[in-house]
Amino acid sequence: MFAVIKTGGKQYKVAKDDIIKVERLTGEAGDSVQLNEVLAISGDDGALTLGSPLLEGAVVSATLLEQARADKIVVFKKKRRQNYRRKAGHRQDLSVLKITDIAAKGAKKAAPKKEAEVKADAPAKEEKAKAAPKKAAAKKAAPKVATAEKKAPAKKAAPKKAAAKKTEE
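Residues numbered from 1 in each chain as written. Predicted model: local features only at pLDDT ≥ 70, side-chain atom pairs only at ≥ 80, totals over all residues. Heavy atoms only, no water.

**Observations concerning the environment of Asp71**
By the element assignment, Asp71 lies in the loop between β7 (59-69) and β8 (73-79). Judged by relative accessible area, Asp71 falls into the exposed class, the value being 67%. Counting along the chain gives 20 residues from Asp71 to Arg91, while the straight-line C-alpha distance between them is 6.0 Å. Beyond its immediate sequence surroundings of up to four residues, Asp71 is in contact with His90 and Arg91. (Helix = DSSP H or I, 4+ residues; strand = E, 2+ residues; numbered from the N terminus. Buried < 20%, exposed > 50% of the residue type's maximum accessible area, 1.4 Å probe, protein only. Contact = heavy atoms within 4.5 Å.)

Structure representation (structure tokens):
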């Protein structure tokens, strides 16, 4: 059984007990992580189920082993004959995950909230709804009316002739 998941803008084919390195996820070593963006799941019988684009209710559970950093890469820019050279380095932050479970339909749901917590959250939701800006009615600009009378193109003035020089005799 395997699944194709999407995290950090990349896709990974994972099976149970696989160890993968993905872009940094929040959490500490030992935490449990649920990856909800499941694109496809293959069952034990080999049947492949594809999502469009995601499978509803499918979850891949993983344990966060460590937060690490990738090897350094060198970024070097050069423009020839311009005396332009720039050198920089980069180390990508990574999370190392161990896949613990692949659930095709639903996963362990979070514990239901107590009534006191629900009542406490209600005023906050109302404030957010009030704070949302209301869309003003869109005003349509009046179309420009083309005038029937067109101005005649301006005529250029005739070039001035050089004044004839009078010669004294």
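**Some thoughts on the pattern of salt bridges**
Counting across every chain of the model gives three salt bridges. Across the salt bridge formed by Lys10 and Glu23, the nearest N and O atoms sit 2.5 Å from each other. Placement of the pair is Lys10 in strand β2 (residues 10-15) and Glu23 in strand β3 (residues 19-23), with a sequence separation of 13 residues. Judged by relative accessible area, Glu23 falls into the partly exposed class, the value being 27%. (Salt bridge = Lys/Arg side-chain N within 4 Å of Asp/Glu carboxyl O.)

**A look at the confidence of the model for the chain**
Across the chain, the average pLDDT comes to 80, with 67% of residues at 70 or higher. Predicted confidence is poor over residues 107-114, with pLDDT under 50, and the contacts of this stretch with residues over four places away or in other chains come to six contacts. (pLDDT = per-residue confidence, 0-100.)

**So, the sheet that holds strand β4 (residues 32-35)**
The antiparallel open sheet is built from four strands, whose spatial order is β3-β10-β7-β4. Pairing within the sheet leaves two strands with one partner each, and these edge strands are β3 and β4. When strand polarity is set aside, the average angle formed by the axes of neighbouring strands in this sheet is 45°. As paired elements, β7 and strand β10 (residues 93-103) share ten bridges and run antiparallel to each other. Within the sheet, the bridge partner assigned to Glu66 lies in β10 and is Val96. (Pairing = 2+ DSSP bridges. Axes fitted to C-alpha atoms, helices over the stretch in contact; angles between N-to-C directions.)

**Topic: the packing of aromatic side chains**
The description of an aromatic ring pair uses the distance of the two centres, along with the angle that the planes make with each other. Summed over the entire model, instances satisfying the criterion amount to zero aromatic pairs. Lying over the aromatic face of Phe2, Lys13 brings its terminal NZ or CZ to 4.5 Å of the ring centre. Directly above the aromatic system of Tyr84 lies the positively charged group of Lys79, at a separation of 5.2 Å from the ring centroid. (Phe/Tyr/Trp six-rings, centres within 6.5 Å; stacked < 30°, edge-to-face > 60°. Lys NZ or Arg CZ within 6 Å of the ring centre and 35° of its normal.)

**Quick look at the sheet that holds strand β5 (residues 38-42)**
Sheet architecture is open: four strands sit in the order β2-β1-β5-β6, paired in antiparallel fashion. The open sheet has two free edges, formed respectively by β2 and β6 (48-50), since each of these has just one partner strand. Each neighbouring strand pair of the sheet contributes to a mean axis angle of 20°, computed without reference to strand direction. Here strand β1 (residues 2-7) runs beside β2; their pairing, made up of six bridges, is antiparallel. The residue of β2 that forms the bridge with Phe2 is Ala15.

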